Amino acid sequence: STTKYLNGHGDVMGGVVVTRQDRLKEMEAQQKLTGGIMSPMDAWLTQRGLKTFALRFVRQLASAEELARRLQDHPQVERVYHPSLSNHPDYARAVELLPLGQGAVVSFIVRGGRQQVFRLMEALRLVVPGTTVGDVYSLMLYPVMASHRSLSPEERAASGITEGLVRLSVGIEQVEDIWQDLDQALSRSGS
């Protein structure tokens, strides 16, 4: 997806297909049938985003790692999922394969479930409730009602999507500003 971090500004739909040489003819035939060319404006916006990708993404990676560490110690947070944390099941592999940083999305479980998540999201002032990831500003997503809403409660549970799980897509704001907003919102959601 070029929509997310390559563009990075939440204003483009696009993607890239990468394939093996032996599948190239099949992919070319599919492109002829369905089209595969971005609009000129989307292409220009993606190219614009590429110019700042390295600066944006390095900052987002570092901020996500710092926020994941801090969230682990917050009393309103039950569990944090981020591959930079040593308790993550894929920690060793993530550090080996992704030495510059292990992702700009932090997932965590808010104590108290759905009602506490709603209270948390209503209390946010800087972080924006959203339905997608990969923008210049920080977004909080609620998978139960967004990305995983079409799954049954049993299917979500089997995938680890609990009523208290949220995803934080970290933007380029100062990490202290993001933390202050999360801390105050989490503290309000628990009272």
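Residues numbered from 1 in each chain as written. Predicted model: local features only at pLDDT ≥ 70, side-chain atom pairs only at ≥ 80, totals over all residues. Heavy atoms only, no water.

### A few points about the pattern of salt bridges
Phase 1: All chains considered together, the criterion is met by eight salt bridges.
Phase 2: Residues Arg23 and Glu26 are paired through a salt bridge, measuring 2.9 Å at the closest nitrogen-oxygen approach.
Phase 3: With relative accessibility at 31%, the residue Arg23 sits in the partly exposed group.
Phase 4: Within the structure, one salt-bridge network assembled from shared partners comprises Glu65, Glu66, Arg69, Arg70 and Glu176. (Salt bridge = Lys/Arg side-chain N within 4 Å of Asp/Glu carboxyl O. Buried < 20%, exposed > 50% of the residue type's maximum accessible area, 1.4 Å probe, protein only.)

### Let's talk about the pairing of strand 2 (residues 105-110)
Phase 1: For strand 2, a buried count of five out of six residues is recorded, marking the element as mostly surrounded by other parts of the structure.
Phase 2: Relative to strand 2, strand 1 (residues 77-81) is paired through four bridges, and the arrangement is antiparallel. Looking at the pairing, Arg79 lines up with Ile109 of strand 2.
Phase 3: In this sheet, strand 5 (residues 165-169) lies alongside strand 2 in antiparallel orientation, the contact comprising five bridges. Bridge pairing in strand 5 places Ile109 opposite Leu165. (Helix = DSSP H or I, 4+ residues; strand = E, 2+ residues; numbered from the N terminus. Pairing = 2+ DSSP bridges.)

### Here's the deal with the sheet that holds strand 4 (residues 139-141)
Pairing between sheet strands relies on hydrogen bonds along the backbone, with the strands arranged either parallel or antiparallel.
Phase 1: Taking strand neighbours across the sheet as the criterion, the five strands line up as 1-2-5-4-3 in an open arrangement whose pairing is mixed. Every other strand in the sheet has two partners, leaving strand 1 and strand 3 (128-130) as the edge strands with one partner each. Direction aside, the axes of adjacent strands within the sheet are offset by 30° on average.
Phase 2: Each of strand 2, strand 3, strand 4 and strand 5 is contacted by helix 4 (residues 114-123), which is oriented at about 130° to strand 2, the strand it contacts most. (Axes fitted to C-alpha atoms, helices over the stretch in contact; angles between N-to-C directions. Contact = heavy atoms within 4.5 Å.)

### Observations concerning the side chain of Ser84
Phase 1: Mapped onto the fold, Ser84 is located in the loop between strand 1 and helix 3 (91-97).
Phase 2: Residue classification places Ser84 among the buried positions, given a relative accessible area of 13%.
Phase 3: Among the polar contacts made by the side chain of Ser84, one reaches the side chain of His82 at a distance of 2.7 Å.
Phase 4: Not counting the four nearest positions on each side in its chain, Ser84 is found in contact with Glu65, Tyr91 and Gln102. (Polar contact = N/O pair within 3.5 Å; in protein donor to acceptor, adjacent residues only side chain to side chain.)

Note that every value here comes from positions in space, so none of it alone points to a role or purpose.
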